[in-house]
Amino acid sequence: MSFFGLDCVKPRERELERKLRANDRDFNLSFRYATNAIKTSKYNLFSFLPLNLFEQFQRIANAYFLVLLVLQVIPQISSLSWFTTVVPLILVLSVTAAKDATDDINRHRSDNRVNNRKVQVLIDRKLCSDKWMNVQVGDIIRLENNQFVTADLLLLSSSEPLNLVYVETAELDGETNLKVRQALPVTGELGEDMEKLADFNGEVRCEPPNNRLDRFTGTLVFGGQKYSLDNEKILLRGCTLRNTEWCFGLVLFAGPETKLMQNCGKSTFKRTSIDRLMNVLVLCIFGFLAVMCVVLAIGNYIWETKEGSGFTAFLPRDDGISAGFSTFLTFWSYIIILNTVVPISLYVSVEIIRLGNSFYIDWDRKMYHAHSDTPAEARTTTLNEELGQIKYVFSDKTGTLTQNIMVFNKCSINGKSYGYVGDDTEHRPEHLKHRNAVDFSFNPLADPRFVFHDRSLVEAVKLENPEVHTFFRLLALCHTVMAEEKTEGELFYQAQSPDEGALVTAARNFGFVFRSRTPDSICIVEMGKQLSYELLAILDFNNVRKRMSVIVRGPEGKLSLYCKGADTIIYEKLHPSCRKLMDITTEHLNEFAGEGLRTLALAYKDLGEEDFREWKQRHHEASTSLDDREGKLDQLYEEIETDLLLLGATAIEDKLQDGVPQTIEQLAKADIKVWVLTGDKQETAENIGYSCNLLREEMNEVFVVSGNSGDEVQQELRNALSSMKPEAAENSVFLSDATSGKGAKAEDEAVNGDYGLVINGHSLAYALESSMELDFLRTACLCKAVICCRVTPLQKAQVVELVKTYKRAVTLAIGDGANDVSMIKAAHIGVGISGQEGMQAVLSSDYSFAQFRFLQRLLLVHGRWSYLRMCKFLRYFFYKNFTFTFVHFWFGFFCGFSAQTVYDEWFITLYNLMYTALPVLGMGLFDQDVNSSWSFQYPQLYVPGQRNLYFSKKAFFKCALHSCYSSLVLFFIPYAALQDTVRDDGKDVADYQSFALLTQTCLMFAVSIQLGLEMSYWTAVNTFFVLGSLAMYFAVTFTLYSNGMFYILPAAFPFIGTARNSLSQPNVWLTVLLTSILCVLPVVTYRFLLTQLCPTINEKVMYKVRQAKATPPPPSQRARIRRTSSRRSGYAFSHAQGYGDLVTSGRYLRRPPMPRPSGFVNMGRATTGFSPMGRSAGYSPTGRSQNTKAPDVEVTSLQMFRTIPDPAL
């Protein structure tokens, strides 16, 4: 049971293996598996008050004020009324409790929304609609198209041929590309027959709950047979069923035991570095408070011993009160009086300022994404100032830096370059700015979303240019895309990688429409004629080959091999006759790669019947071999993929999110290091790194660490370190041994030049071992950019933890999928990208918005302002309270150490709550050194926050010294001014009440002027707060010191008439003026000299702002960077090995397409066109003028294909 939120049931033993039986709840309940209900809330109705108060009093300050309250109710030691502490304490506890309750109510609502979703469960041999939270392990449930997967399921059967299902995993990894899952044939026979499903009693033994999204091991025992289970047969909670009418699944893991929830990790309470520093300072202040009280108590003992006996005639001591006991009471009395060094209102004000700065983020229209209707959201109010101190940003790639939308932008065919890059017309040449997009109306099957701006390519297609036709025929045949045509002319492409989707869609628009496929044929429409090609073999892609080929027999019976892949690989396979064409194509490829495009080379060859028949026989033998099957197949592929004829190359843009390169450039100028942690392949990550300016051609070197053993990885890391810092090579060998323990810190080091580091997940596993992690960290931190590819969610979190542990730096992690959740929770600040992707990362984040580009505004504007405001607030708050309190200390030497207060009791109560609360809040909420435009113009303004220059132990010590000086002035100047002084009418004014009023009036003016000096940005609100607080002070003072208040409660308002008697004297106002000048003069002098001799970056920029008369800076003119690069991307980076086998085996096929006519009609473009799946949608390439053909390029001999209609279709 759960009582007060605490689990009172004996915890279940750690699970080593899961065992369950289908349709047998009694059997499964014996293992006490979790139900499908989730709980992310902390409190319930009964546990809220005790638990919340328990948590709040764990804060040192709250416990301290509770002790003070207890002391104040003891008459013998209290010289202040109890309400001076209880009112602010209740206010703080109430505000914090209300905030915690609101957050927890939202968590309850979120939990209830999920838990109360409906799903069909097989109970008592019939389907019943039930809530998600009632689903249990071993239940069989039915899912329908577009439904979320309820729990982690073993797929049993589906509506699709061969029991396939298509799932979207956006909630898990942020990708909307469809994934394929397939049930076991033995369970697929169950279909949707309720009787068969109800009789199914298979037993599953599998791994215990874990967070591995990409791996599953288990077995199913059914009908006396044992079947192996892997990840391809599992549907994970958080996925969405797509393009599948229905499916049935067996619940393996439910609720908190699902892989999705296991990846959420444990939420930890995050504190800012200022919070941690404050805890240390508060402890130091408590120690200093105790020292002051001891000094005053000793003074009381000496005074009581030497002077006290002379006062007993008119101030008799209570019985039993000796000098020693009086000292003891005095100590505790001064503890109460001097507690204002750390007033409770400090914590109230901090929470209000954080809340206000959070609202600024929520309300910022410049961080609102109109397309997805997504505003920025501060999901926590406690970390705002930490945003101004970020040193390391850890970012996911897919869906965070990129949109994962591939756009066919350019191509090179037989030595001619076609197309123009850039959707923004401002970057186009003048003669192309107003050129319309290509008209594809000649093709009724064209995708209406496809855009291309080079008409010459369409003209070449219409003129039946043989090279152009073969180029697009290759794109239409050489792929593993699946096509679905639910209605006539409405094609849906299911591409397992968006690269392939973009290429097939480009071929479709230029008249070569991929229509359908079977395991042994591909049907395409070539310029209006429907043709069928016999598919004889697919030479599949893998990371070593970096290419894919198909062997087809054309309608004429001609055998051809079509190949596409990385240009460096294809060039090795070309016929010598292609030398000149290869040189021209290489120039185009360099141009494409320089623009950050992903390139592929295309080639083909004709095959002889005899040669192919002999090769096919050997291929069959190799594919059925049990020994070294992969090696034998690769050797056969190498044999046939020779003497290819080059066709050209394609250039695809993996579209970055808007503003990503500019954002990364701005962050780099702010000395923020960006590390990309991605699950994609190395080639993909590198290419995106160059596209978004993370990696640059100007870098001295980009190190690639890809060792397959610990020794190799360590050697590669040390080689990289020695290249950057030769003198550090010897020290590096002993770095990990010398610096051991979590308390060790790796200091920042400088290096000459710019370097980058790329490391894959396999090597990273070795690099993160305890014996090597500091070598890796040191090498990585010397680089300007780091890319970790093929990393698991756990490795992402480990990298973040490594930097957090050994670097004195604040980290931020940003991602969009469930695989980023552990990284987001591990970092000091977690940011979730919301929008089209899954919301799992957002739900675990501290801040969220729709686009990566908003990160620069979050950090350089909101983060910097929040940090600046909080630091100014703390410096000033400590100054005004130390000054207020130290005056009590000096007064103790003149009142016989009797714990008499120097101020009126009402002034003590209202000083922090009313008189000085609003001005300091105004500074904490509205102050800024420069506006947002100048913040972007000078990103270096961010650096002081990273170095803790605005608030540190040193700054606190300076503040304490300043307060000590001011308190001396505020006590001794009024003391001297009133000593032996008379009024205009000759009456004495040197009484205690007049002195108290004068001292507190001087204090109010001194701290108000000091606030004005601290303020950089005056608004009407700030001005009203400062002047209004002074007016409030005088209004309240005259009211409290009036005759009427005294007559109502004489004991509570003893200062009758003091205000009107004292404040009417000119010498009092001269004293106020003198103390104000003496308090402010050293500050003004110090700041003047500091500004003249050693100005900070803030002061330099503020000076420029004043020079520019506060006009916004001109927009920076960033020229489009064009790189000439020798590096080019490999083939289809998000492509996966094995899809060729799946296609040819027929296990990937959907229902047979409906009969349809072929042939093109000269009419407008069909409006029922392409609606591609996932992120292969939305291809919107642009064009540019065609390059002239080089005169010395040899024309490649091509096999001409005549458009012969297939009578069988």
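Residues numbered from 1 in each chain as written. Predicted model: local features only at pLDDT ≥ 70, side-chain atom pairs only at ≥ 80, totals over all residues. Heavy atoms only, no water.

Undergrad: For this particular structure, what's the right way to read the overall build of the chain?
TA: Secondary structure assignment for the chain yields 41 helices and 35 strands. Within the chain, the proportion of its 1209 residues that are buried is 57%. Within the chain, contacts between residues at least 6 apart in sequence are counted, and of these 77% link residues at least 24 apart. Put simply, the chain shows about 50,500 Å² of open surface, and 57% of that area lies on carbon and sulfur atoms. (Helix = DSSP H or I, 4+ residues; strand = E, 2+ residues; numbered from the N terminus. Buried < 20%, exposed > 50% of the residue type's maximum accessible area, 1.4 Å probe, protein only. Contact = heavy atoms within 4.5 Å. Areas by Shrake-Rupley, 256 points an atom, 1.4 Å probe, with all protein chains shown as cover.)

Undergrad: Please explain the pairing of strand β34 (residues 829-833) as it appears in this structure.
TA: Regular strands place side chains that alternate from one sheet face to the opposite one. Counting buried positions over the five residues of β34 gives five, a clear majority of the element. Residues I829, V831 and I833 line one face of β34 and the alternating positions G830 and G832 line the opposite face, and both faces are buried. Alignment of strand β33 (residues 810-815) against β34, held across four bridges, turns out to be parallel. In the strand pairing of β34, A813 is matched with G830. Regarding the hand of the β-α-β motif, the stretch spanning β33, helix α27 (residues 821-826) and β34 is right-handed. Bridging between β34 and strand β35 (residues 847-849) involves three bridges; their strand directions are parallel. Within the sheet, the bridge partner assigned to V831 lies in β35 and is Y847. (Pairing = 2+ DSSP bridges. Right-handed = clockwise from strand over helix to strand, strands pointing away.)

Undergrad: I'm lost on the sheet that holds strand β7 (residues 152-158) in this one. Help?
TA: If you walk across this open sheet you meet the six strands as β5-β4-β6-β15-β7-β13, and the pairing is antiparallel. One side of each edge strand has no neighbouring strand; the edge strands of this open sheet are β5 (126-131) and β13 (234-235). Summarising the sheet, β7 and β13 pair through two bridges and their orientation is antiparallel. Looking across to β13, one finds that L153 is bridged to L235.

Undergrad: How should I be thinking about the nonpolar core in this particular structure?
TA: Most often, soluble globular proteins have nonpolar side chains that are buried together. Residues L346, F873, L874, F878 and F907 are the most contacted members of the largest nonpolar core, which totals 102 residues. Here this core gets 17 residues from one element, more than from any other, and that element is helix α29 (residues 854-892). (Core = buried A, V, L, I, M, F, W, Y, C linked by side-chain atoms within 4.5 Å.)

Undergrad: I would appreciate a short explanation of the packing of helix α9 (residues 273-306) against α29 in the present structure.
TA: In helix packing, the relevant descriptors are the interaxial angle and the interaxial distance, both defined with respect to the helix axes. For the pair α9 and α29, interaxial distance at closest approach is 12 Å and the crossing angle is 5°. In terms of their interaxial angle, α9 and α29 are classed as roughly parallel. Between α9 and α29, the residues in contact are I274, M278, I285, F288, M292, V295 and L296 and Y867, M870, C871, L874, F878, F882, F886, F889 and G892, respectively. Class assignment for the residues of the contact of α9 with α29 results in 15 nonpolar, one polar and no charged. (Axes fitted to C-alpha atoms, helices over the stretch in contact; angles between N-to-C directions. Parallel < 35°, antiparallel > 145°, perpendicular 65-115°, else oblique. Nonpolar A, V, L, I, M, F, W, Y, C, P; charged D, E, K, R; others polar.)

Undergrad: Can you walk me through the sheet that holds strand β11 (residues 218-222) in this structure?
TA: Paired through backbone hydrogen bonds, the strands of a sheet run either parallel or antiparallel to each other. One open sheet accounts for four strands, arranged β3-β10-β11-β12; its pairing is antiparallel. The two strands at the open ends of the sheet, each matched to only one other strand, are β3 (18-21) and β12 (225-229). Pairwise comparison of adjacent strand axes, ignoring direction, gives a mean angle of 20° for this sheet. Two strands pair when backbone bridges link them, and β3 and strand β10 (residues 203-206) are joined in this way by four bridges, in the antiparallel orientation. Within β10, the position partnered with L20 by the bridge is V204.

Undergrad: How should a nonpolar patch on the surface be read in this particular structure?
TA: Nonpolar side chains collect at one region of the surface, where F288, V291, V295, F893, F894, L968 and F972 lie side by side and expose about 590 Å² of accessible area between them. Of all elements in the fold, only α9 and α34 (953-978) reach the threshold of two or more residues within the nonpolar patch. The residue L968 is located in helix α34 in this model. (Patch = residues over 30% accessible without salt bridge, like charges linked within 9 Å, V, L, I, M, F, W, Y side chains within 5 Å. Salt bridge = Lys/Arg side-chain N within 4 Å of Asp/Glu carboxyl O.)

Read these as geometric descriptors, not functional statements.
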